[in-house]
Amino acid sequence: MSKLFLVIASILGGLSVIAGAFGSHYLKGQLTQPLLEIFTTGTRYQMYHALALLFVGLFINRSETPQPWLVAAGWVLITGIGLFSGSLYALSLTGIGWLGMITPIGGLALICGWACLTIGVLKS
């Protein structure tokens, strides 16, 4: 599980850099400023939480037996990144406003991921 989370974290981190470059070099002239800021928020949160997932993978790797709370943290963070950042990317690129209703669900998943990480670290 540790290796899987480390690989996914690395991919998500790299994709965040690519998305950030895409936003600042290509989308800057294509999107309105508010939509560009929404896209940028998606890239920023994706990177923050890719780093959190990296820590989850390292903590799991350190423990002799995988702490279930850490495993849960990893999966919930992955889900949160997909829902939160993914909905912001989709909203900014399409302008479809109802996609913004998905973002808080992703945000709640990210918060739950941090909570699971906290509990997992305390229990390990």
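For the structure given in this document, a descriptive report is provided here.

Conventions we followed
- Residues numbered from 1 in each chain as written.
- Predicted model: local features only at pLDDT ≥ 70, side-chain atom pairs only at ≥ 80, totals over all residues.
- Heavy atoms only, no water.
- Patch = residues over 30% accessible without salt bridge, like charges linked within 9 Å, V, L, I, M, F, W, Y side chains within 5 Å.
- Areas by Shrake-Rupley, 256 points an atom, 1.4 Å probe, with all protein chains shown as cover.
- Salt bridge = Lys/Arg side-chain N within 4 Å of Asp/Glu carboxyl O.
- Helix = DSSP H or I, 4+ residues; strand = E, 2+ residues; numbered from the N terminus.
- Core = buried A, V, L, I, M, F, W, Y, C linked by side-chain atoms within 4.5 Å.
- Buried < 20%, exposed > 50% of the residue type's maximum accessible area, 1.4 Å probe, protein only.
- Contact = heavy atoms within 4.5 Å.
- Axes fitted to C-alpha atoms, helices over the stretch in contact; angles between N-to-C directions.
- Parallel < 35°, antiparallel > 145°, perpendicular 65-115°, else oblique.
- Left-handed = near helix turned anticlockwise from the far one by under 90°.
- Nonpolar A, V, L, I, M, F, W, Y, C, P; charged D, E, K, R; others polar.

So, on to a nonpolar patch on the surface. On the surface, Val 7, Ile 11, Leu 15 and Ile 18 cluster together to form a nonpolar patch covering roughly 360 Å² of accessible area. Within the secondary structure, Leu 15 is located in helix 1 (residues 2-25).

A word on the nonpolar core. Across soluble globular proteins, nonpolar side chains show a tendency to be buried alongside one another. Formed by 19 residues in total, the largest nonpolar core has its most connected members in Phe 5, Leu 53, Val 56 and Ile 60. Where this core is concerned, the elements lending two or more residues are helix 1, helix 2 (33-62), helix 3 (68-94) and helix 4 (103-123). Not counting residues within four places of it along the chain, the set of residues in contact with Phe 5 comprises Leu 53, Val 56, Gly 57, Ile 60, Leu 70, Val 71, Gly 74, Trp 75 and Ile 78.

Look at helix 1 against helix 2: their axes get within 8 Å of each other, and the N-to-C directions meet at 160°. Compared by their axis directions, helix 1 and helix 2 come out roughly antiparallel. At the point where helix 1 passes helix 2, the crossing takes the left-handed sense. Counted by class, the contact of helix 1 with helix 2 contains 18 nonpolar, 9 polar and no charged residues.

By themselves, these observations are geometric and do not establish any function.
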